[in-house]
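A look at the structure
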Amino acid sequence: MVLPEFSYALPEIFLAVAAMALLMLGVFKGKESSRTVSWAAVASILVAAGLVLTGDLESRITFNGLYQTDAFTAFMKVLALCASAIAIIMSMDYNSREKLDRFEFPILMVIATLGMMVMISANDLMSLYMGIELMSLSLYVTAAFRRDSVRSTEAGLKYFVLGALSSGMLLYGCSLIYGYTGTTNFTNFQQIFAAEGFEAGIGLIVGIVFLIAGLAFKVSAVPFHMWTPDVYEGVPTPVTAFFAAAPKVAGMALFIKTFMIPFGDLIAQWQQVIVFISVASMILGAFAAINQKNIKRLMAYSSIGHMGYALVGLAAGTPEGVRGVLVYLTIYVIMNIGTFAIILSMRQRNGMVEEIGHLAGLGKSRPMMALMLMIFMFSLAGIPPLAGFFGKFYVFVSAVNAGLYALAIIGLLTSVVGAFYYIRIVKIMYFDEEAEGFEPVNRTLAVLMGASGLFTALFFVYPAPLLSGAAAAAEVLFR
(Lines give C-alpha, C1' and ligand atoms only; values in the text may rest on other atoms or scores of the structure.)
Protein backbone atom coordinates (compact mmCIF):
# COMPACT_ATOMS: atom_id res chain seq x y z
CA MET A 1 0.00 0.00 0.00
CA VAL A 2 3.05 2.27 0.08
CA LEU A 3 3.59 2.51 -3.69
CA PRO A 4 0.26 4.16 -4.61
CA GLU A 5 1.11 7.03 -2.24
CA PHE A 6 4.10 7.91 -4.37
CA SER A 7 1.91 8.14 -7.48
CA TYR A 8 0.01 11.08 -5.96
CA ALA A 9 3.29 12.97 -5.57
CA LEU A 10 4.58 12.01 -9.03
CA PRO A 11 4.89 15.65 -10.27
CA GLU A 12 7.09 16.57 -7.29
CA ILE A 13 9.17 13.39 -7.57
CA PHE A 14 9.64 13.97 -11.31
CA LEU A 15 10.70 17.60 -10.77
CA ALA A 16 13.18 16.61 -8.02
CA VAL A 17 14.75 13.94 -10.26
CA ALA A 18 14.79 16.38 -13.20
CA ALA A 19 16.61 19.00 -11.11
CA MET A 20 19.31 16.48 -10.19
CA ALA A 21 19.61 15.32 -13.81
CA LEU A 22 19.89 18.91 -15.03
CA LEU A 23 22.60 19.58 -12.45
CA MET A 24 24.61 16.63 -13.76
CA LEU A 25 24.03 17.77 -17.35
CA GLY A 26 25.30 21.25 -16.51
CA VAL A 27 28.35 19.94 -14.67
CA PHE A 28 29.44 17.64 -17.50
CA LYS A 29 28.66 20.01 -20.38
CA GLY A 30 30.30 22.99 -18.67
CA LYS A 31 29.81 26.72 -19.18
CA GLU A 32 28.22 26.40 -22.63
CA SER A 33 25.25 24.41 -21.31
CA SER A 34 23.18 27.31 -19.95
CA ARG A 35 20.67 27.55 -22.80
CA THR A 36 20.33 23.76 -23.11
CA VAL A 37 19.73 23.39 -19.37
CA SER A 38 17.26 26.31 -19.45
CA TRP A 39 15.13 24.74 -22.18
CA ALA A 40 15.35 21.35 -20.45
CA ALA A 41 14.20 23.02 -17.21
CA VAL A 42 11.22 24.55 -19.02
CA ALA A 43 10.37 21.15 -20.52
CA SER A 44 10.64 19.49 -17.07
CA ILE A 45 8.31 22.06 -15.52
CA LEU A 46 5.78 21.64 -18.32
CA VAL A 47 5.90 17.84 -17.95
CA ALA A 48 5.28 18.29 -14.20
CA ALA A 49 2.28 20.50 -15.04
CA GLY A 50 0.99 17.77 -17.37
CA LEU A 51 1.38 15.18 -14.59
CA VAL A 52 -0.62 17.44 -12.24
CA LEU A 53 -3.44 17.82 -14.78
CA THR A 54 -3.59 14.13 -15.66
CA GLY A 55 -3.35 12.98 -12.04
CA ASP A 56 -6.13 12.12 -9.61
CA LEU A 57 -8.04 15.32 -8.74
CA GLU A 58 -9.99 13.69 -5.91
CA SER A 59 -8.99 14.70 -2.40
CA ARG A 60 -6.17 12.39 -1.30
CA ILE A 61 -4.11 12.62 1.91
CA THR A 62 -0.92 10.56 1.84
CA PHE A 63 2.54 10.22 3.42
CA ASN A 64 1.08 9.80 6.92
CA GLY A 65 -1.03 12.94 6.58
CA LEU A 66 1.81 15.23 5.45
CA TYR A 67 0.70 15.64 1.83
CA GLN A 68 -2.65 16.35 0.15
CA THR A 69 -3.79 16.55 -3.45
CA ASP A 70 -7.14 17.78 -4.76
CA ALA A 71 -8.59 20.14 -7.37
CA PHE A 72 -7.44 23.21 -5.40
CA THR A 73 -3.81 22.09 -5.20
CA ALA A 74 -3.89 21.14 -8.90
CA PHE A 75 -5.18 24.61 -9.89
CA MET A 76 -2.51 26.43 -7.89
CA LYS A 77 0.32 24.10 -8.92
CA VAL A 78 -0.41 24.53 -12.63
CA LEU A 79 -0.49 28.33 -12.19
CA ALA A 80 2.83 28.33 -10.28
CA LEU A 81 4.46 25.92 -12.75
CA CYS A 82 3.42 27.96 -15.79
CA ALA A 83 4.67 31.18 -14.15
CA SER A 84 8.03 29.53 -13.38
CA ALA A 85 8.43 28.14 -16.91
CA ILE A 86 7.71 31.53 -18.47
CA ALA A 87 10.14 33.25 -16.06
CA ILE A 88 12.93 30.90 -17.21
CA ILE A 89 12.10 31.58 -20.87
CA MET A 90 12.16 35.34 -20.21
CA SER A 91 15.56 35.07 -18.52
CA MET A 92 17.50 33.40 -21.35
CA ASP A 93 18.23 36.34 -23.64
CA TYR A 94 18.78 38.72 -20.70
CA ASN A 95 21.27 36.38 -19.02
CA SER A 96 23.13 35.88 -22.29
CA ARG A 97 23.48 39.63 -22.86
CA GLU A 98 24.41 40.41 -19.26
CA LYS A 99 26.95 37.54 -19.01
CA LEU A 100 24.83 35.75 -16.38
CA ASP A 101 24.22 32.64 -18.48
CA ARG A 102 25.29 30.00 -15.97
CA PHE A 103 23.51 26.65 -15.83
CA GLU A 104 22.84 26.90 -12.09
CA PHE A 105 20.27 29.68 -12.64
CA PRO A 106 17.43 27.60 -14.20
CA ILE A 107 18.18 24.72 -11.82
CA LEU A 108 17.69 27.00 -8.81
CA MET A 109 14.37 28.11 -10.28
CA VAL A 110 13.31 24.48 -10.76
CA ILE A 111 14.18 23.66 -7.13
CA ALA A 112 12.31 26.77 -5.94
CA THR A 113 9.32 25.60 -7.97
CA LEU A 114 9.55 22.18 -6.34
CA GLY A 115 9.38 23.93 -2.96
CA MET A 116 6.27 25.80 -4.10
CA MET A 117 4.58 22.53 -5.05
CA VAL A 118 5.36 21.05 -1.63
CA MET A 119 3.95 24.21 0.00
CA ILE A 120 0.73 23.99 -1.98
CA SER A 121 0.19 20.31 -1.08
CA ALA A 122 1.25 20.65 2.58
CA ASN A 123 -1.20 19.10 5.04
CA ASP A 124 0.98 19.47 8.13
CA LEU A 125 3.03 22.23 9.74
CA MET A 126 6.16 20.13 9.11
CA SER A 127 5.63 19.77 5.35
CA LEU A 128 4.52 23.41 5.22
CA TYR A 129 7.84 24.53 6.67
CA MET A 130 9.85 22.13 4.51
CA GLY A 131 8.24 23.52 1.35
CA ILE A 132 8.76 27.14 2.41
CA GLU A 133 12.44 26.59 3.20
CA LEU A 134 13.12 24.65 -0.01
CA MET A 135 11.65 27.55 -1.99
CA SER A 136 13.26 30.29 0.11
CA LEU A 137 16.81 28.89 0.12
CA SER A 138 16.74 28.70 -3.69
CA LEU A 139 15.34 32.23 -3.96
CA TYR A 140 18.04 33.66 -1.64
CA VAL A 141 20.75 32.41 -4.00
CA THR A 142 18.83 33.51 -7.10
CA ALA A 143 18.43 37.03 -5.67
CA ALA A 144 22.21 37.43 -5.26
CA PHE A 145 23.07 35.66 -8.51
CA ARG A 146 24.84 38.68 -10.01
CA ARG A 147 27.92 38.38 -7.81
CA ASP A 148 29.82 41.32 -9.35
CA SER A 149 27.02 43.78 -8.55
CA VAL A 150 26.97 45.48 -5.15
CA ARG A 151 23.27 46.27 -5.56
CA SER A 152 22.34 42.67 -6.34
CA THR A 153 24.45 41.33 -3.47
CA GLU A 154 22.87 43.83 -1.08
CA ALA A 155 19.37 42.84 -2.26
CA GLY A 156 20.17 39.16 -1.76
CA LEU A 157 21.55 39.80 1.73
CA LYS A 158 18.48 41.84 2.75
CA TYR A 159 16.19 39.13 1.44
CA PHE A 160 18.15 36.43 3.29
CA VAL A 161 18.29 38.24 6.66
CA LEU A 162 14.62 39.25 6.63
CA GLY A 163 13.63 35.82 5.29
CA ALA A 164 15.46 34.13 8.15
CA LEU A 165 13.61 36.42 10.59
CA SER A 166 10.26 35.50 9.03
CA SER A 167 11.14 31.79 9.21
CA GLY A 168 11.85 32.19 12.92
CA MET A 169 8.47 33.88 13.44
CA LEU A 170 6.74 31.14 11.48
CA LEU A 171 8.45 28.42 13.50
CA TYR A 172 7.58 30.14 16.77
CA GLY A 173 3.93 30.29 15.69
CA CYS A 174 4.01 26.60 14.71
CA SER A 175 5.52 25.65 18.07
CA LEU A 176 2.80 27.55 19.97
CA ILE A 177 0.06 25.92 17.90
CA TYR A 178 1.61 22.50 18.50
CA GLY A 179 1.94 23.23 22.22
CA TYR A 180 -1.76 24.09 22.56
CA THR A 181 -3.13 21.32 20.34
CA GLY A 182 -0.63 18.46 20.67
CA THR A 183 -0.49 17.93 16.90
CA THR A 184 0.94 19.48 13.72
CA ASN A 185 -1.50 17.86 11.28
CA PHE A 186 -4.14 19.94 9.48
CA THR A 187 -6.74 17.16 9.57
CA ASN A 188 -6.33 16.82 13.34
CA PHE A 189 -6.57 20.60 13.75
CA GLN A 190 -9.88 20.54 11.88
CA GLN A 191 -11.29 17.90 14.22
CA ILE A 192 -10.05 19.65 17.38
CA PHE A 193 -11.33 23.11 16.44
CA ALA A 194 -14.70 21.80 15.20
CA ALA A 195 -15.36 19.94 18.48
CA GLU A 196 -18.32 21.22 20.48
CA GLY A 197 -17.33 23.55 23.29
CA PHE A 198 -13.80 24.21 22.01
CA GLU A 199 -12.49 27.67 22.91
CA ALA A 200 -9.27 29.08 21.48
CA GLY A 201 -6.85 30.09 24.21
CA ILE A 202 -4.71 33.21 24.04
CA GLY A 203 -1.57 31.14 23.36
CA LEU A 204 -3.17 29.47 20.34
CA ILE A 205 -4.29 32.84 18.97
CA VAL A 206 -0.75 34.24 19.39
CA GLY A 207 0.56 31.19 17.52
CA ILE A 208 -1.86 31.82 14.65
CA VAL A 209 -0.78 35.49 14.50
CA PHE A 210 2.89 34.45 14.22
CA LEU A 211 1.94 31.93 11.53
CA ILE A 212 0.19 34.72 9.61
CA ALA A 213 3.31 36.90 10.01
CA GLY A 214 5.54 34.22 8.46
CA LEU A 215 3.17 33.68 5.53
CA ALA A 216 2.63 37.44 5.03
CA PHE A 217 6.38 37.84 4.43
CA LYS A 218 6.22 35.35 1.54
CA VAL A 219 3.47 37.33 -0.23
CA SER A 220 4.93 40.81 0.59
CA ALA A 221 1.96 41.88 2.71
CA VAL A 222 2.27 44.87 5.08
CA PRO A 223 3.89 45.09 7.65
CA PHE A 224 6.22 42.36 6.36
CA HIS A 225 6.81 44.00 2.98
CA MET A 226 10.02 45.89 3.76
CA TRP A 227 12.25 43.64 1.64
CA THR A 228 10.17 43.92 -1.53
CA PRO A 229 11.11 47.33 -3.09
CA ASP A 230 14.87 46.94 -2.51
CA VAL A 231 14.96 43.32 -3.70
CA TYR A 232 12.81 43.97 -6.78
CA GLU A 233 15.05 46.90 -7.75
CA GLY A 234 18.39 45.25 -6.95
CA VAL A 235 18.08 41.77 -8.42
CA PRO A 236 18.35 41.00 -12.18
CA THR A 237 15.07 41.80 -13.93
CA PRO A 238 14.16 38.15 -14.83
CA VAL A 239 14.51 37.30 -11.12
CA THR A 240 12.18 40.20 -10.30
CA ALA A 241 9.67 38.82 -12.82
CA PHE A 242 9.94 35.40 -11.16
CA PHE A 243 9.55 36.85 -7.63
CA ALA A 244 6.48 38.84 -8.73
CA ALA A 245 4.60 35.79 -9.97
CA ALA A 246 5.26 32.18 -8.90
CA PRO A 247 6.22 32.61 -5.19
CA LYS A 248 3.18 34.86 -4.71
CA VAL A 249 0.93 32.08 -6.05
CA ALA A 250 2.46 29.51 -3.69
CA GLY A 251 2.34 31.85 -0.69
CA MET A 252 -1.29 32.80 -1.29
CA ALA A 253 -2.22 29.13 -1.86
CA LEU A 254 -0.72 28.29 1.53
CA PHE A 255 -2.57 31.24 3.11
CA ILE A 256 -5.91 30.05 1.69
CA LYS A 257 -5.42 26.37 2.43
CA THR A 258 -4.14 26.90 5.98
CA PHE A 259 -6.92 29.24 7.06
CA MET A 260 -9.81 27.65 5.18
CA ILE A 261 -9.17 24.02 6.23
CA PRO A 262 -7.49 23.61 9.65
CA PHE A 263 -8.36 27.06 11.03
CA GLY A 264 -11.68 27.51 9.22
CA ASP A 265 -13.66 27.16 12.46
CA LEU A 266 -11.56 29.88 14.11
CA ILE A 267 -12.42 32.56 11.55
CA ALA A 268 -13.54 34.94 14.32
CA GLN A 269 -10.00 34.84 15.72
CA TRP A 270 -7.97 35.35 12.51
CA GLN A 271 -10.31 37.32 10.26
CA GLN A 272 -9.57 40.69 11.86
CA VAL A 273 -5.81 40.12 11.44
CA ILE A 274 -6.24 39.35 7.73
CA VAL A 275 -8.48 42.42 7.34
CA PHE A 276 -5.79 44.63 8.92
CA ILE A 277 -3.02 43.20 6.70
CA SER A 278 -5.22 43.58 3.62
CA VAL A 279 -6.13 47.21 4.38
CA ALA A 280 -2.54 48.16 5.24
CA SER A 281 -1.21 46.52 2.04
CA MET A 282 -3.79 48.25 -0.18
CA ILE A 283 -3.11 51.68 1.37
CA LEU A 284 0.68 51.40 1.27
CA GLY A 285 0.66 49.97 -2.25
CA ALA A 286 -1.50 52.87 -3.44
CA PHE A 287 0.36 55.77 -1.83
CA ALA A 288 4.00 54.62 -1.68
CA ALA A 289 4.23 54.06 -5.46
CA ILE A 290 3.17 57.60 -6.39
CA ASN A 291 6.66 59.16 -6.33
CA GLN A 292 8.61 56.17 -7.65
CA LYS A 293 10.88 56.80 -10.64
CA ASN A 294 12.23 53.26 -11.07
CA ILE A 295 9.68 51.01 -12.81
CA LYS A 296 10.80 47.85 -10.97
CA ARG A 297 10.40 49.63 -7.64
CA LEU A 298 6.96 50.82 -8.74
CA MET A 299 6.02 47.23 -9.60
CA ALA A 300 7.17 46.19 -6.11
CA TYR A 301 4.70 48.55 -4.46
CA SER A 302 2.10 47.52 -7.02
CA SER A 303 2.60 43.88 -6.00
CA ILE A 304 2.17 44.79 -2.30
CA GLY A 305 -1.13 46.50 -3.14
CA HIS A 306 -2.33 43.58 -5.27
CA MET A 307 -1.62 41.07 -2.52
CA GLY A 308 -3.80 43.28 -0.30
CA TYR A 309 -6.63 43.02 -2.83
CA ALA A 310 -6.21 39.24 -3.00
CA LEU A 311 -6.40 39.00 0.81
CA VAL A 312 -9.83 40.70 0.65
CA GLY A 313 -11.21 37.43 -0.74
CA LEU A 314 -9.47 35.40 1.98
CA ALA A 315 -10.89 37.70 4.68
CA ALA A 316 -14.40 36.91 3.41
CA GLY A 317 -13.82 33.26 4.37
CA THR A 318 -16.37 31.91 1.86
CA PRO A 319 -16.19 29.73 -1.30
CA GLU A 320 -17.05 32.87 -3.29
CA GLY A 321 -14.12 34.70 -1.68
CA VAL A 322 -11.65 31.90 -2.43
CA ARG A 323 -12.89 31.73 -6.03
CA GLY A 324 -12.28 35.48 -6.28
CA VAL A 325 -8.71 35.07 -5.00
CA LEU A 326 -7.96 32.30 -7.52
CA VAL A 327 -9.32 34.37 -10.42
CA TYR A 328 -7.42 37.41 -9.14
CA LEU A 329 -4.12 35.54 -8.84
CA THR A 330 -4.40 34.07 -12.35
CA ILE A 331 -5.07 37.47 -13.89
CA TYR A 332 -2.36 39.10 -11.74
CA VAL A 333 0.27 36.57 -12.90
CA ILE A 334 -0.59 37.08 -16.58
CA MET A 335 -0.56 40.88 -16.25
CA ASN A 336 2.84 40.74 -14.52
CA ILE A 337 4.33 38.44 -17.14
CA GLY A 338 3.34 40.91 -19.87
CA THR A 339 4.56 43.94 -17.91
CA PHE A 340 7.95 42.39 -17.13
CA ALA A 341 8.34 41.26 -20.76
CA ILE A 342 8.12 44.97 -21.63
CA ILE A 343 10.51 45.98 -18.81
CA LEU A 344 13.00 43.40 -20.14
CA SER A 345 12.65 45.09 -23.55
CA MET A 346 13.71 48.49 -22.14
CA ARG A 347 17.19 48.23 -23.62
CA GLN A 348 19.17 51.08 -25.20
CA ARG A 349 22.62 51.14 -26.78
CA ASN A 350 24.31 51.43 -23.39
CA GLY A 351 22.36 48.56 -21.82
CA MET A 352 19.22 48.05 -19.75
CA VAL A 353 17.33 51.07 -18.38
CA GLU A 354 14.75 51.05 -15.58
CA GLU A 355 13.70 54.67 -15.12
CA ILE A 356 10.07 55.46 -15.97
CA GLY A 357 11.28 58.61 -17.76
CA HIS A 358 12.92 56.44 -20.43
CA LEU A 359 9.42 55.45 -21.60
CA ALA A 360 8.79 59.00 -22.86
CA GLY A 361 7.55 59.02 -26.45
CA LEU A 362 7.26 55.23 -26.61
CA GLY A 363 3.87 55.65 -28.30
CA LYS A 364 5.69 57.06 -31.36
CA SER A 365 8.91 55.03 -31.41
CA ARG A 366 7.38 51.63 -30.45
CA PRO A 367 3.58 51.90 -30.89
CA MET A 368 2.76 48.19 -30.31
CA MET A 369 4.94 47.98 -27.22
CA ALA A 370 3.32 51.16 -25.87
CA LEU A 371 -0.17 49.76 -26.61
CA MET A 372 0.61 46.54 -24.68
CA LEU A 373 2.00 48.49 -21.71
CA MET A 374 -1.06 50.73 -21.72
CA ILE A 375 -3.33 47.65 -21.60
CA PHE A 376 -1.36 46.24 -18.65
CA MET A 377 -1.32 49.54 -16.76
CA PHE A 378 -5.07 50.09 -17.20
CA SER A 379 -5.70 46.48 -16.19
CA LEU A 380 -3.51 46.74 -13.08
CA ALA A 381 -5.48 49.86 -12.20
CA GLY A 382 -8.72 47.87 -12.51
CA ILE A 383 -10.26 49.82 -15.39
CA PRO A 384 -13.08 47.94 -17.21
CA PRO A 385 -13.46 45.98 -19.42
CA LEU A 386 -9.90 44.70 -18.93
CA ALA A 387 -9.13 41.53 -16.95
CA GLY A 388 -7.83 43.39 -13.89
CA PHE A 389 -11.27 44.93 -13.34
CA PHE A 390 -12.89 41.50 -13.08
CA GLY A 391 -10.23 40.29 -10.64
CA LYS A 392 -11.03 43.14 -8.26
CA PHE A 393 -14.76 42.84 -8.91
CA TYR A 394 -14.94 39.23 -7.71
CA VAL A 395 -12.98 39.80 -4.49
CA PHE A 396 -14.90 42.98 -3.62
CA VAL A 397 -18.27 41.32 -4.24
CA SER A 398 -17.27 38.43 -1.98
CA ALA A 399 -16.33 40.93 0.76
CA VAL A 400 -19.68 42.72 0.42
CA ASN A 401 -21.61 39.43 0.54
CA ALA A 402 -19.66 38.48 3.70
CA GLY A 403 -20.64 41.77 5.34
CA LEU A 404 -17.16 43.33 5.11
CA TYR A 405 -18.44 46.60 3.63
CA ALA A 406 -15.64 48.80 5.01
CA LEU A 407 -12.99 46.51 3.51
CA ALA A 408 -14.61 46.67 0.07
CA ILE A 409 -14.95 50.47 0.24
CA ILE A 410 -11.28 50.90 1.26
CA GLY A 411 -10.32 48.61 -1.63
CA LEU A 412 -12.28 50.76 -4.09
CA LEU A 413 -10.76 54.00 -2.78
CA THR A 414 -7.19 52.69 -2.88
CA SER A 415 -7.82 51.46 -6.44
CA VAL A 416 -8.66 55.02 -7.42
CA VAL A 417 -5.47 56.34 -5.80
CA GLY A 418 -3.38 53.56 -7.38
CA ALA A 419 -4.78 54.36 -10.81
CA PHE A 420 -2.83 57.64 -10.68
CA TYR A 421 0.64 56.10 -11.04
CA TYR A 422 -0.47 53.57 -13.65
CA ILE A 423 -2.09 56.27 -15.79
CA ARG A 424 0.98 58.51 -15.29
CA ILE A 425 3.04 55.91 -17.18
CA VAL A 426 0.53 56.02 -20.07
CA LYS A 427 0.75 59.83 -20.07
CA ILE A 428 4.58 59.69 -20.22
CA MET A 429 4.48 57.22 -23.13
CA TYR A 430 2.03 59.16 -25.27
CA PHE A 431 2.32 62.83 -24.31
CA ASP A 432 5.91 63.49 -23.16
CA GLU A 433 8.69 64.51 -25.50
CA GLU A 434 10.31 61.51 -27.15
CA ALA A 435 13.39 60.11 -25.38
CA GLU A 436 16.09 57.84 -26.83
CA GLY A 437 14.39 54.81 -28.39
CA PHE A 438 14.81 51.17 -27.39
CA GLU A 439 16.51 48.42 -29.35
CA PRO A 440 14.28 45.98 -31.33
CA VAL A 441 12.20 43.70 -29.10
CA ASN A 442 13.33 40.10 -28.70
CA ARG A 443 10.92 37.75 -30.50
CA THR A 444 10.25 35.61 -27.41
CA LEU A 445 9.40 38.67 -25.32
CA ALA A 446 7.22 40.02 -28.14
CA VAL A 447 5.21 36.77 -28.17
CA LEU A 448 4.82 36.82 -24.36
CA MET A 449 3.69 40.43 -24.20
CA GLY A 450 1.33 39.92 -27.14
CA ALA A 451 -0.28 36.80 -25.65
CA SER A 452 -0.59 38.43 -22.21
CA GLY A 453 -2.04 41.58 -23.78
CA LEU A 454 -4.66 39.63 -25.75
CA PHE A 455 -5.73 37.70 -22.64
CA THR A 456 -5.92 40.89 -20.58
CA ALA A 457 -7.87 42.83 -23.20
CA LEU A 458 -10.26 40.03 -24.26
CA PHE A 459 -10.85 38.20 -20.98
CA PHE A 460 -14.38 39.62 -20.74
CA VAL A 461 -15.35 37.89 -24.00
CA TYR A 462 -15.10 34.35 -22.58
CA PRO A 463 -14.25 34.24 -18.85
CA ALA A 464 -16.19 30.99 -18.20
CA PRO A 465 -13.26 28.48 -18.22
CA LEU A 466 -11.30 30.38 -15.58
CA LEU A 467 -14.37 31.12 -13.44
CA SER A 468 -15.60 27.51 -13.49
CA GLY A 469 -12.13 26.12 -12.80
CA ALA A 470 -11.62 28.53 -9.88
CA ALA A 471 -15.09 27.74 -8.49
CA ALA A 472 -14.44 23.97 -8.64
CA ALA A 473 -11.06 24.43 -6.90
CA ALA A 474 -12.58 26.64 -4.18
CA GLU A 475 -15.46 24.25 -3.45
CA VAL A 476 -13.01 21.51 -2.48
CA LEU A 477 -11.95 23.47 0.61
CA PHE A 478 -15.49 23.70 1.99
CA ARG A 479 -16.69 20.08 1.66
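Residues numbered from 1 in each chain as written. Predicted model: local features only at pLDDT ≥ 70, side-chain atom pairs only at ≥ 80, totals over all residues. Heavy atoms only, no water.

Looking at an unreviewed UniProt entry, one finds the protein chain named NADH-quinone oxidoreductase subunit N and attributed to Sneathiella chinensis. Reading the Sequence similarities (unreviewed entry) entry of the UniProt record for the protein chain gives the comment "Belongs to the complex I subunit 2 family." (UniProt positions renumbered as here; feature names shortened; annotations may be inferred.)

So, the overall build of the protein chain
The helix and strand inventory of the protein chain stands at 21 helices and four strands. Taking 479 residues into account, the globule formula puts the C-alpha radius of gyration at 23 Å, and the protein chain, at 21 Å, falls close to it. Structurally, the protein chain occupies a C-alpha span of about 70 × 55 × 40 Å along its principal axes. By the burial criterion, 58% of the 479 residues in the protein chain qualify as buried. Of the roughly 18,200 Å² of accessible surface on the protein chain, a fraction of 67% belongs to carbon and sulfur atoms. Of the charged side chains in the protein chain, 28 are positive and 28 negative, and the gap between their average positions amounts to 8 Å. (Helix = DSSP H or I, 4+ residues; strand = E, 2+ residues; numbered from the N terminus. Rg over C-alpha atoms; globule rule 2.2 N^0.38 Å. Buried < 20%, exposed > 50% of the residue type's maximum accessible area, 1.4 Å probe, protein only. Areas by Shrake-Rupley, 256 points an atom, 1.4 Å probe, with all protein chains shown as cover. Lys, Arg positive; Asp, Glu negative; His and termini not counted. Charge placed at Lys NZ, Arg CZ, Asp CG, Glu CD.)

Focus on helix H17 (residues 367–381)
When the terminal C-alpha atoms of H17 are compared, their 21 Å separation across 15 residues agrees well with the 21 Å that a helix rising 1.5 Å per residue should span. Three or more residues of H17 are buried, namely Met-369, Ala-370, Met-372, Leu-373, Ile-375, Phe-376, Met-377, Ser-379, Leu-380 and Ala-381. Residues of H17 that are buried in the fold lie against helix H14 (295–316), helix H15 (319–344), helix H16 (362–365), helix H18 (387–401), helix H19 (405–431) and helix H20 (443–458). (Expected span 1.5 Å × (residues − 1). Contact = heavy atoms within 4.5 Å.)

Overview of the packing of aromatic side chains
Counted according to the given criterion, the structure contains 25 aromatic pairs. When the centroid spacing of 5.5 Å and the interplanar angle of 50° are considered together, the rings of Phe-455 and Phe-459 count as tilted. Look at Phe-455 and you get partly exposed, because its relative accessible area is 27%. An aromatic cluster is defined as three or more aromatic residues linked by ring pairs; in this entry it consists of Phe-186, Phe-189, Phe-193, Phe-255, Phe-259, Phe-263 and Trp-270. A cation sits over an aromatic face here: Lys-392 above Tyr-309, 4.4 Å from the ring centre. (Phe/Tyr/Trp six-rings, centres within 6.5 Å; stacked < 30°, edge-to-face > 60°. Lys NZ or Arg CZ within 6 Å of the ring centre and 35° of its normal.)

Comments concerning the UniProt feature "domain: NADH:quinone oxidoreductase/Mrp antiporter transmembrane" (unreviewed entry) in the protein chain
In the numbering used here, UniProt assigns the feature "domain: NADH:quinone oxidoreductase/Mrp antiporter transmembrane" (unreviewed entry) to residues 122–417. Helix makes up 75% of residues 122–417 and strand 1%, and the two end C-alpha atoms of the span are 37 Å apart.

A word on the pattern of salt bridges
Taken as a whole and judged by the stated rule, the model has 12 salt bridges. One salt-bridge network, in which partners are shared between bridges, spans Arg-151, Glu-154, Lys-158, Asp-230, Glu-233, Lys-296, Arg-297 and Glu-354. (Salt bridge = Lys/Arg side-chain N within 4 Å of Asp/Glu carboxyl O.)

Digging into the side chain of Arg-347
Within the element layout of this structure, Arg-347 appears in strand E3 (residues 347–348). Only 3.3 Å separates the side chain of Arg-347 from the side chain of Glu-98, close enough to count as a polar contact. For Arg-347, the contacting residues outside a window of four places in its chain are Tyr-94, Arg-97, Glu-98, Met-352, Phe-438 and Glu-439. (Polar contact = N/O pair within 3.5 Å; in protein donor to acceptor, adjacent residues only side chain to side chain.)

Points about the packing of H15 against helix H21 (residues 464–476)
Between H15 and H21, the shortest axis-to-axis distance is 8 Å and the interhelical angle comes to 130°. By the angle between their directions, the pair H15 and H21 is classed as oblique. Read as a crossing pair, H15 and H21 show a hand that is right-handed. Taken together, the residues of H21 that come into contact with H15 (itself represented by Pro-319, Val-322, Arg-323, Leu-326, Val-327, Thr-330 and Ile-331) are Leu-466, Leu-467, Ala-470, Ala-471, Ala-473, Ala-474 and Glu-475. Per-class residue counts for the contact of H15 with H21 are 11 nonpolar, one polar and two charged. (Axes fitted to C-alpha atoms, helices over the stretch in contact; angles between N-to-C directions. Parallel < 35°, antiparallel > 145°, perpendicular 65-115°, else oblique. Left-handed = near helix turned anticlockwise from the far one by under 90°. Nonpolar A, V, L, I, M, F, W, Y, C, P; charged D, E, K, R; others polar.)

Things to note about the environment of Glu-104
Counting through the fold element by element, Glu-104 comes out in helix H5 (residues 104–121). Counting along the chain gives 107 residues from Glu-104 to Leu-211, while the straight-line C-alpha distance between them is 32 Å.

Focus: a nonpolar patch on the surface
Among the surface-exposed residues, Leu-454, Leu-458, Phe-460, Val-461 and Tyr-462 lie close enough to one another that they form a single nonpolar patch of about 550 Å² accessible area. Tracing the backbone shows Tyr-462 in the loop between H20 and H21. (Patch = residues over 30% accessible without salt bridge, like charges linked within 9 Å, V, L, I, M, F, W, Y side chains within 5 Å.)

Quick word on the side chain of Ser-138
In this structure, Ser-138 sits in helix H6 (residues 125–143). Every residue in contact with Ser-138, bar those within four places of it in the chain, is listed here: Leu-108, Ile-111 and Ala-112.

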